[in-house]
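Overview (structure and organization)
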Amino acid sequence: MVIIDNLSLKRGSKQLYQDFSISFQSDTVTALLATSGAGKTSLLECIAGLLKPDNGTITNTAENSQSISYLFQEPRLLPWITVLKNLMLPISNKEEGEERALYFLDKVGLLNKTNAYPNELSGGEKQRVALARAFAYKAPLLFLDEAFQSQDIHLKFQLMELFIQLLKEEKRTVVLV
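The sections below set out a description of the structure shown in this document.

Here is what the cut-offs are and how they apply
- Residues numbered from 1 in each chain as written.
- Predicted model: local features only at pLDDT ≥ 70, side-chain atom pairs only at ≥ 80, totals over all residues.
- Heavy atoms only, no water.
- Salt bridge = Lys/Arg side-chain N within 4 Å of Asp/Glu carboxyl O.
- Helix = DSSP H or I, 4+ residues; strand = E, 2+ residues; numbered from the N terminus.
- Pairing = 2+ DSSP bridges.
- Axes fitted to C-alpha atoms, helices over the stretch in contact; angles between N-to-C directions.
- Contact = heavy atoms within 4.5 Å.

**So, the pattern of salt bridges**
Taken as a whole and judged by the stated rule, the model has 6 salt bridges. The shortest N-O distance in the salt bridge between Arg-11 and Glu-45 comes to 3.6 Å. One end of the pair, Arg-11, is in strand β1 (residues 2-11); the other, Glu-45, is in helix α1 (residues 40-48), with 34 residues separating them in the sequence. The salt bridge involving Glu-170 is made with Arg-172; its shortest N-O contact spans 3.0 Å. Members of the salt-bridge network, linked through shared partners, are Arg-100, Glu-170 and Arg-172.

This is the structure we're talking about:
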């Protein structure tokens, strides 16, 4: 479970949060919905430790509280390594990592792109590789920041169904924008 207590955060002159409190229960999915610029991504960054709030506390009670899988708004693939190696980057056990990476590449329909480089992929394919990487890394906490962007409507719904199926296979606490 993640507990946010009295969080205050200002970006530039804009007050995003003031004495904000919320908790995210274990093995649940919470969607953050708000207008552009409201601070959804900033909240994820605070929880992940990428951004320091001005005030308040964030407590992660997960067994491995430092382990977070984060799918950013942009794919963040390293251009000089293959799709498979990009998926395996965060995984310490390389033997298990390759098996998981191939499994999730297959799930997002990109098993045929294993040896491709990011510059050989479309924007939607890059986002699907990033989604596969987020699931391949076993972490109790999963952040998805606009995970289904850059997809046509048909593929977007397929990926949402896949997301639901994968969460049934491996329970996680998910916060998505």
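Back to the write-up after that little detour.
**A look at the sheet that holds β1**
The strand order β2-β1-β4 describes an open sheet built from 3 strands, whose pairing is antiparallel. Looking along the sheet, the strands with just one partner apiece sit at the ends: β2 (14-24) and β4 (55-60). Going across the sheet, the axis of each strand differs from the next one's by a mean of 20 degrees, ignoring polarity. Note: β1 against β4, 5 bridges, orientation antiparallel. Paired with Ser-8 across the two strands is Asn-55, which belongs to β4. The strands touched by α1 are β1, β2 and β4; relative to β1, the strand with the most contacts, the crossing angle is about 125 degrees.

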